[in-house]
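Fold and contact review
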Amino acid sequence: MHPRGRAASWLRFGLLAGIAACAATPVAPAEADRTITTAEAQFAAKDYEGAVDLLEPLAEEACPKRLRDRRDLALARTYVAQGEHWEAFKVLRSFPDDYPHSELRPAAGELVWEIGKYLAASDGGFLFFWSDRTGGRVALEHLITRHPDNPHNGDALRILGDLAFGDEDYELAQTRFRDLMLNQPDGEWFVYAQYRFAMSIVASLEGPEYDLDRMEHAVRELRAFLTTEPENPQILQSAREALVTLLEWRIERHLLIADFYATVGNPTGQRLHLTRAAAEEFATTTRHADAVRLRDAMGPAPADAPPAGN
């Protein structure tokens, strides 16, 4: 963050907004053009404070309309150079709506990407009111929605998915990684997204007492991922371990359901889930022998037994 500090920055912006609200006198187009050109030159010379001092008086309607996109981009770039990334994003937030046909829109999107990437990787903050990580999420969400043609949107979705996973918002993580796979099936992050999507499902499960369908969904995703023969040994190992855990949970779930059917006097349902638990798929699990023994103890199914539900 710039040495002036974020609190001072907020105060300064509050004052500037108040001044702008009082209808500052518009600057003549030629003068505004010269001012922005001078500010751009000062930015190039790394005189960021001088550039800001020139640009801020052109806030709001003080700047001619045709120059406002250029002013905003120059100001945002200067704030980024000063380390005030969130202030830069605030300048660019309405850029797509304010200047939908501006030739500078791709450059604005590129800067939003840089801002979001930087803030998402930062552990900075301000007391209890601010987190750079949260700011990064907001900027990257803005990027993928308001700059849909930005070439870094795949990277943005990957970061957003990882942020959601880190926050244990596994449903949102699945959404981000699913979007990444759907929107960029040939992109460099596809295999990673496939892995993280599957692991997001796994992480949302808490044991064999929970949704069997979700467990089976996670197994399908993990097996599909493993067919890609991933080169990363850590990812490969964690996927294999997750698959082993899910096999243990699934057979345990079938045994729990079978026990429930036994309790309520439904031998058809009991036999169905014992048969499923005794399947060869679970041969490597710790409860497979129990499943086979319990299934065999029930004997063959009656010829007229009705089909059982799940």
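Residues numbered from 1 in each chain as written. Predicted model: local features only at pLDDT ≥ 70, side-chain atom pairs only at ≥ 80, totals over all residues. Heavy atoms only, no water.

**Some remarks on the overall build of the chain**
- Across its full length, the chain holds 15 helices and 2 strands.
- Looking at the chain as a whole, 44% of its 310 residues qualify as buried.
- Sequence separation of 24 or more characterises 59% of the internal contacts of the chain that already satisfy a separation of 6 or more.
- By element, 54% of the accessible surface of the chain is carried by carbon and sulfur atoms, the whole surface being about 16400 Å². (Helix = DSSP H or I, 4+ residues; strand = E, 2+ residues; numbered from the N terminus. Buried < 20%, exposed > 50% of the residue type's maximum accessible area, 1.4 Å probe, protein only. Contact = heavy atoms within 4.5 Å. Areas by Shrake-Rupley, 256 points an atom, 1.4 Å probe, with all protein chains shown as cover.)

**Description of the packing of aromatic side chains**
- Inspection of every chain in the model, using the stated rule, returns 8 aromatic pairs.
- Pairing Phe95 with Tyr99 gives two aromatic rings, centres 4.8 Å apart and planes at 70 degrees, and the pair type is edge-to-face. No difference in accessibility class separates Phe95 from Tyr99, as the two residues are buried.
- Each member of the aromatic cluster is reached from another via a ring pair, and the members are Phe177, Trp189 and Tyr192.
- One Lys or Arg, Arg158, reaches over the ring of Trp189 and ends 4.4 Å from the middle of that ring.
- The ring of Phe165 carries Arg196 above its face, with NZ or CZ at 4.2 Å from the centroid. (Phe/Tyr/Trp six-rings, centres within 6.5 Å; stacked < 30°, edge-to-face > 60°. Lys NZ or Arg CZ within 6 Å of the ring centre and 35° of its normal.)

**What about the environment of Ala30?**
- Position of Ala30 among the secondary structure elements: in helix α2 (residues 29-44).
- Distance from Ala30 to Pro64, taken between C-alpha atoms, is 9.4 Å for residues 34 residues apart in sequence.

**Observations regarding helix α11 (residues 190-204)**
- Across its 15 residues, α11 extends 21 Å between first and last C-alpha, which sits within 8% of the 21 Å expected from 1.5 Å per residue.
- Within α11, 12 of the 15 residues are buried, which leaves it mostly tucked inside the rest of the structure.
- Those residues of α11 that are buried lie in contact with α9 (153-166), α10 (170-183), α12 (212-226) and α13 (233-263). (Expected span 1.5 Å × (residues − 1).)

**What to know about the nonpolar core**
- Judged by nonpolar contacts, the single largest core of 67 residues is most densely connected at Leu92, Ile115, Leu140, Leu222 and Leu246.
- For this core, the element with the highest residue contribution is α11, accounting for 8 residues.
- Contacts of Leu222, omitting those with residues within four sequence positions, involve Ala198, Met199, Val202, Ala239, Ala242, Leu243 and Leu246.
- Counting 9 residues, the second-largest nonpolar core is a separate cluster that includes Leu247, Leu255, Leu274 and Ala277. (Core = buried A, V, L, I, M, F, W, Y, C linked by side-chain atoms within 4.5 Å.)

**A word on the pattern of salt bridges**
- Scanning the entire structure with this criterion turns up 18 salt bridges.
- Note that Glu114 and Lys117 form a salt bridge whose closest N and O atoms lie 3.6 Å from each other. Remark: Lys117 and Glu114 occur in helix α7 (residues 105-120); sequence separation between them is 3 residues, near one turn of the helix.
- Taking the relative accessible area as the measure of exposure, Lys117 reaches 35% and is therefore partly exposed.
- Through salt bridges with shared partners, a single ionic network connects Glu216, Arg223, Arg250 and Glu281. (Salt bridge = Lys/Arg side-chain N within 4 Å of Asp/Glu carboxyl O.)

**Points about the confidence of the model for the chain**
- In the predicted model, the chain carries a mean pLDDT of 88, and the fraction of residues at 70 or more is 87%.
- Ignoring residues within four places in sequence, the model shows residues 1-11, a span with pLDDT below 50, making 21 contacts including any to other chains.
- With pLDDT under 50 throughout, residues 17-23 is counted as low confidence; its partners more than four residues away or in other chains account for 2 contacts. (pLDDT = per-residue confidence, 0-100.)

**Considering the packing of α2 against helix α3 (residues 48-55)**
- For the pair α2 and α3, the least separation of the axes is 8 Å and the interaxial angle reads 165 degrees. By the criterion of interaxial angle, the relationship of α2 to α3 is roughly antiparallel. Once α2 is placed against α3, the crossing between them reads as left-handed. Contacts from Thr35, Ile36, Thr38, Ala39, Gln42 and Phe43 of α2 reach α3 at Tyr48, Gly50, Ala51, Leu54 and Leu55. (Axes fitted to C-alpha atoms, helices over the stretch in contact; angles between N-to-C directions. Parallel < 35°, antiparallel > 145°, perpendicular 65-115°, else oblique. Left-handed = near helix turned anticlockwise from the far one by under 90°.)

**Section: unusual backbone geometry**
- For Glu60, which is not a glycine, the phi torsion comes out positive at approximately 55 degrees.
- When you line up the elements, Glu60 lands in the loop between α3 and α4 (68-82).
- If you check the backbone angles, Glu229 has positive phi at about 50 degrees while not being a glycine.
- By the secondary structure assignment, Glu229 is in the loop between α12 and α13.

**Observations regarding the packing of α2 against α4**
- The N-to-C vectors of α2 and α4 enclose an angle of 25 degrees; their axes lie 10 Å apart at closest approach. Taken together, α2 and α4 sit at an angle that is classed as roughly parallel. In this structure, the crossing between α2 and α4 has a hand that is left-handed. On α4, the residues that touch Asp33, Ile36, Thr37, Glu40 and Phe43 of α2 are Arg70, Arg71, Ala74, Arg77, Thr78 and Ala81.
- Among the residues making up the contact of α2 with α4, the classes are represented as 4 nonpolar, 2 polar and 5 charged. (Nonpolar A, V, L, I, M, F, W, Y, C, P; charged D, E, K, R; others polar.)

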